[in-house]
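Commentary on secondary and tertiary structure
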Amino acid sequence: MSKPKSNNAKTISVALTLCLVCSVLVSAVAVGLKPAQVENARLDRNKNILVAADMYNAESDTAEDVAERFKDFDVEIIDLNKGTYLDDSALADAGIPDRNAYDASQATKNQALSEDLGENDPAGIGRKPKYAKVYVKKDDAGKPEVVVLPIQGYGLWGTIYGFLTLESDMNTIKGISFYEHKETPGLGARIEEPQWRAKWTGIKSYDENGDVATGVTKAGAPKENWVDGISGATLTSRGVSNMIQFWLGDQGYKPYLDKLREENGQAVGNAETKANQSKPIAQPNTELAATLPVANGKEA
């Protein structure tokens with residue numbers, strides 16, 4: 001009795017059907033998990049903002065603690081070149097429909113929302129966003145208590161992303177955190193270690209002339225007001241140093257920080273309010289109020 005002949009068409013049909021079913025199942029799972037992935041990414045970002053602001057305890061804080069504590073922050077979009085906040089009308093004109101969803105890193109892929117740095121690119125980011133998102137926690141008087149600034153720059157193997165927090169004088173570093181990088185484990189990846197991040201606390205960002213006055217030195221070569229580099233991770237340390245100096249400089253947040261200090265009557269390196277202001281304290285500075293509108297954004 002002869003064996004039945006194989007049916008190639010049937011075999012191919014079964015294989016295609018199986019592939020189609022598997023593809024549908026995988027797509028369904030991916031779509032179903034997307035909201036959870038977005039929520040986890042948001043929670044991780046908010047946690048790292050709190051880490052940089054020294055408002056997070058890894059041993060005891062829960063996701064609920066992070067969400068509750070993050071409510072103290074206003075989220076603002078600033079014009080990096082002008083140093084001013086964008087109100088809702090300015091956001092619409094800039095083509096930013098939602099301040100909460102705005103991603104400065106993604107904006108660098110949009111020519112309308114970024115500018116080519118050319119050779120003037122010490123941080124190695126290629127394009128600089130025209131607008132940046134900052135996180136501001138205010139005191140009871142409505143003045144900035146801490147400001148958290150997103151930063152990014154090229155390390156050894158790829159771009160390093162983090163947050164830098166300044167105290168109310170807009171000069172003293174309160175903390176720093178790094179949440180995404182490709183640096184070598186045990187070497188460059190040590191930028192995440194609390195011991196190294198703690199070295200930034202209390203560092204002054206600017207000297208009395210308003211120039212950036214900090215960075216990362218070579219390991220074992222201490223320098224006043226600079227952070228000692230990580231042994232064996234020279235290129236990562238250099239990348240962090242370039243990143244810090246870029247974002248604190250004129251191309252980064254300096255115009256914004258200068259305006260905040262001016263609004264609050266502060267000099268670089270002096271958190272105390274200047275005496276004998278040219279205008280009486282009781283009279284609001286309408287010019288500055290126009291350039292620095294009241295913070296109006298919240299982000300969950």
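Residues numbered from 1 in each chain as written. Predicted model: local features only at pLDDT ≥ 70, side-chain atom pairs only at ≥ 80, totals over all residues. Heavy atoms only, no water.

**With respect to the overall build of the protein**
Keep this limit in mind: Under the DSSP-based scheme used, a helix requires at least four consecutive residues in state H or I and a strand at least two consecutive residues in state E, with every element numbered from the N terminus. Relative accessibility decides the category of a residue: with a 1.4 Å probe and only protein chains considered, values under 20% of the type maximum give buried, values over 50% give exposed, and everything between is partly exposed. In this analysis, two residues are considered to be in contact whenever any of their non-hydrogen atoms come within 4.5 Å of each other. Method for areas: the Shrake-Rupley scheme with a 1.4 Å probe, in which residue coverage is limited to the protein chains shown.
Helix and strand content of the protein: 8 helices and 10 strands. Residue burial in the protein is summarised as follows: out of 300 residues, 40% are buried. The long-range share in the protein, meaning contacts at least 24 apart out of those at least 6 apart in sequence, stands at 56%. Of the roughly 16,700 Å² that the protein leaves accessible, carbon and sulfur atoms contribute 52%.

**A word on the pattern of salt bridges**
Where charged atoms from two side chains of opposite charge come close, those side chains can pair. As a reminder of what qualifies: Definition used for salt bridges: Asp or Glu carboxyl oxygen within 4 Å of a side-chain nitrogen of Lys or Arg.
Inspection of every chain in the model, using the stated rule, returns 11 salt bridges. Close ionic contact of aspartate 88 with arginine 99 constitutes a salt bridge, the shortest N to O distance being 3.0 Å. Of the two residues, aspartate 88 sits in helix α3 (residues 88-94) while arginine 99 sits in the loop between α3 and α4 (104-107), which places them 11 residues apart along the sequence. Taking relative accessible area as the criterion, aspartate 88 reaches 54% and is therefore assigned exposed.

**Side note on the side chain of aspartate 169**
Applicable threshold: As used in this structure description, the phrase polar contact means that two N or O atoms lie within 3.5 Å; if the pair is within protein, one of them must be able to donate a hydrogen and the other to accept it, and residues adjacent in sequence are counted only when both atoms belong to side chains.
Relative to the helices and strands, aspartate 169 resides in the loop between β7 (159-167) and β8 (173-180). Looking at aspartate 169, the relative accessible area reads 5%, which means it is buried. Polar side-chain contacts of aspartate 169 include one of 2.6 Å to the side chain of threonine 172.

**A closer look at the nonpolar core**
Generally speaking, nonpolar side chains in soluble globular proteins are found buried as a group. Stated formally: Put simply, a nonpolar core is a bunch of buried Ala, Val, Leu, Ile, Met, Phe, Trp, Tyr and Cys residues held in one set by side-chain atoms that sit within 4.5 Å of each other.
If you look at the biggest cluster of nonpolar residues, it comprises 38 residues, and the most contacted ones within it are Trp196, Trp200, Val240, Tyr253, Tyr256 and Leu257. If you list the elements that add at least two residues to this core, you get β5 (131-138), β6 (144-154), β7, β8, α6 (234-248) and α7 (254-263). No other element matches α6, which puts 6 residues into this core. Listed in part, the 13 residues of the second largest apolar core include Ala52, Ala53, Val75 and Val148.

**Brief notes about unusual backbone geometry**
In this model, methionine 170 sits at a positive phi of 55 degrees, which is unusual for a non-glycine residue. For methionine 170, a relative accessible area of 1% translates into the label buried. Even without glycine at this site, asparagine 225 takes up a positive phi of about 70 degrees. Looking at the secondary structure, you find asparagine 225 in the loop between β9 (216-217) and β10 (227-228). On the accessibility criterion, asparagine 225 (22% relative accessible area) is partly exposed.

**Structural notes on the pairing of β8**
Using the following cut-off: Paired strands, as defined in this entry, are two strands with at least two bridges between them according to DSSP.
Across 6 bridges, the pairing between β7 and β8 is antiparallel. Looking across to β8, one finds that glycine 162 is bridged to phenylalanine 178.

**Concerning the confidence of the model for the protein**
The criterion, for reference: Every residue gets a pLDDT, meaning the predictor's confidence in that residue, from 0 to 100.
Mean pLDDT over the protein stands at 85; residues scoring 70 or higher make up 82%. Throughout residues 271-300 the model reports pLDDT below 50, and contacts reaching past four residues in sequence, or to other chains, amount to 50 contacts.

**Some thoughts on the environment of lysine 143**
Tracing the backbone shows lysine 143 in the loop between β5 and β6. On the accessibility criterion, lysine 143 (38% relative accessible area) is partly exposed. A C-alpha to C-alpha distance of 7.9 Å links lysine 143 and asparagine 264, two positions 121 residues apart in sequence. Once residues lying within four places of it in the same chain are set aside, the contact partners of lysine 143 are Lys137, Lys138 and Asn264.

**Re the sheet that holds β8**
The strands making up a sheet are joined through hydrogen bonds of the backbone, oriented either antiparallel or parallel. What counts here: For helices, the fitted line uses only the C-alpha atoms of the stretch in contact; every axis is such a line through C-alpha atoms, and the angle between N-to-C directions lies from 0 to 180 degrees.
Spatial ordering of the open sheet is given by β2-β1-β5-β6-β7-β8, a layout of 6 strands whose pairing is antiparallel. Of all strands in the sheet, those bounded by a partner on one side alone are β2 (84-85) and β8. In this structure, β6 lies alongside β7, joined through 9 bridges in antiparallel fashion. Residue glycine 153 lies in a different strand from β7, and its bridge partner there is isoleucine 160. Contacting β1 (73-79), β2, β5, β6 and β7, α7 runs over the sheet at an angle of about 170 degrees to β6.

**Some words on α7**
Those residues of α7 that sit buried are Lys254, Pro255, Tyr256, Leu257, Leu260 and Arg261. Contact partners of the buried residues in α7: β1, β2, β5, β6, β7 and α6. Among the residues trailing α7, glycine 265 stands out with phi positive, at a value near 65 degrees.

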